[in-house]
Amino acid sequence: GVGANAAALRQTRGLELVIALDNTGSMGGYIDDLEDATGELLDVLYGTRETVDNLWVGLIPFDTRVNLKNYSSLVSFTPSNANRVCANPRAGHQTDDATPATSAFNSEYTQWSKGCEATAALALTAERSTLDTTLSNMDDDGYTRVDVAAAWAFRMLSPDWAGLWGNPDLPKPYNEPLMDKAVIIMTDGDNKPQDGTSTATTNTRLASTCTNMKTDGIIVYTIQFRTTSSSLETLLTNCATDPTHYYHAGTDDLDEVFTEIGNKLSNLRLLN
């Protein structure tokens, strides 16, 4: 007789993940829950480790705008407030990943009472403790612009932006072997523009940004928190990679949703 042994080679895939988190006024009373839920997702990915090989995570707390305080070199205007550096969408490039060299961020958002109050965004980083610090600083204020958050999540993962976020090796190319890119977009409300843009326009921009990300192979998860708005459900379901990547979370199961997504991403990292 002839005996034979077969062995499966398991390789670990890398992951670049950007998490966009609603920090608007309607999240009052729920920011701590959001911090805890996001922390549970990170627990799945990191375990008890400070870093994990080939794992980088970025955080985008958002309201009407995204605060680029940590990356003010990306804008071509002089910020009027050192703690709040918020660029307006660029005409013709609201939904793509064009770099500042291609289309400059030359317009500042200054309606402080209506937005740009969120904790400063954090680009892809390896250290769990750095992520925890950003999460612990989150607070609720301002209005909702999911389209703006999604666009910045796209740019944080775009290889065209390699080096612009401070690390010359990140983001990785789209065709990097054994590397995945993913976005999680979480919100508890519909877009409420405060800059004269219509809600319909912001919804169209969000849909376009999501399509652009998916076309580039970015995996998109969406989470609708608390609200039962059917229009938002449709918007976020269509934004997600497919309907199985859309989640509705009630006040008592936000942590369960984040943990489930964490498990899916963790399983994604294992290639048999």
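Just above sits the structure.
Because the structure is predicted, anything quoted here is derived from the model rather than measured.

K.L.:
Explain unusual backbone geometry to me, please; I cannot follow it from the model alone.
P.N.:
Backbone phi values are negative for most residues with the exception of glycine, while trans is the configuration of most peptide bonds. With an omega of -5 degrees, the peptide bond running from Leu-170 to Pro-171 counts as cis. Among the secondary structure elements, Pro-171 is positioned in the loop between α3 (146–157) and β5 (179–187). Despite not being glycine, Cys-116 shows a phi value in the positive range, around 60 degrees. Structurally, Cys-116 can be placed in the loop between β3 (55–62) and β4 (122–125). Since its relative accessible area comes to 0%, Cys-116 is described here as buried. The phi dihedral of Arg-226 falls on the positive side, at around 70 degrees, and the residue is not glycine. Inspection of the secondary structure puts Arg-226 in the loop between β6 (219–225) and α5 (230–239). Residue Arg-226 is classed as partly exposed on the basis of its relative accessible area of 27%.

K.L.:
Sorry, what's going on with the pairing of strand β2 (residues 14–22) here?
P.N.:
Side chains on a regular strand alternate between the two faces of the sheet. Of all nine residues making up β2, nine are buried, and the element is well covered by its neighbours. Side chains of β2 alternate between two faces, with Gly-14, Glu-16, Val-18, Ala-20 and Asp-22 and Leu-15, Leu-17, Ile-19 and Leu-21 buried alike. Pairing of β2 with β5, which is carried by eight bridges, proceeds in the parallel orientation. Considered in β5, the bridge of Gly-14 is made with Met-179. Read from β2 through helix α1 (residues 31–46) to β3, the crossover connection turns out right-handed.

K.L.:
How should I be thinking about the state of the cysteines in this particular structure?
P.N.:
In a disulfide, the sulfur atoms of two cysteines are covalently bonded to one another. Within the structure shown, the criterion is met by two disulfides. For Cys-86, the disulfide goes to Cys-116, at an S-S distance of 1.8 Å. Residues Cys-86 and Cys-116 are joined through a disulfide that is right-handed, its torsion about the S-S bond being 85 degrees. Of the two residues, Cys-86 sits in the loop between β3 and β4 while Cys-116 sits in the loop between β3 and β4, which places them 30 residues apart along the sequence. Here Cys-210 pairs with Cys-239 through a disulfide, and the sulfurs are 2.0 Å apart. The S-S bond linking Cys-210 to Cys-239 shows a torsion near -70 degrees; that makes this disulfide left-handed. Here the residue Cys-210 occupies a position in helix α4 (residues 199–215), and Cys-239 occupies one in helix α5, the gap between them amounting to 29 residues. Going through the chain in sequence order and numbering each bonded cysteine, the pairs you get are 1-2, 3-4.

What counts as what
Residues numbered from 1 in each chain as written. Predicted model: local features only at pLDDT ≥ 70, side-chain atom pairs only at ≥ 80, totals over all residues. Heavy atoms only, no water. Helix = DSSP H or I, 4+ residues; strand = E, 2+ residues; numbered from the N terminus. Buried < 20%, exposed > 50% of the residue type's maximum accessible area, 1.4 Å probe, protein only. Pairing = 2+ DSSP bridges. Right-handed = clockwise from strand over helix to strand, strands pointing away. Disulfide = S-S within 2.5 Å.

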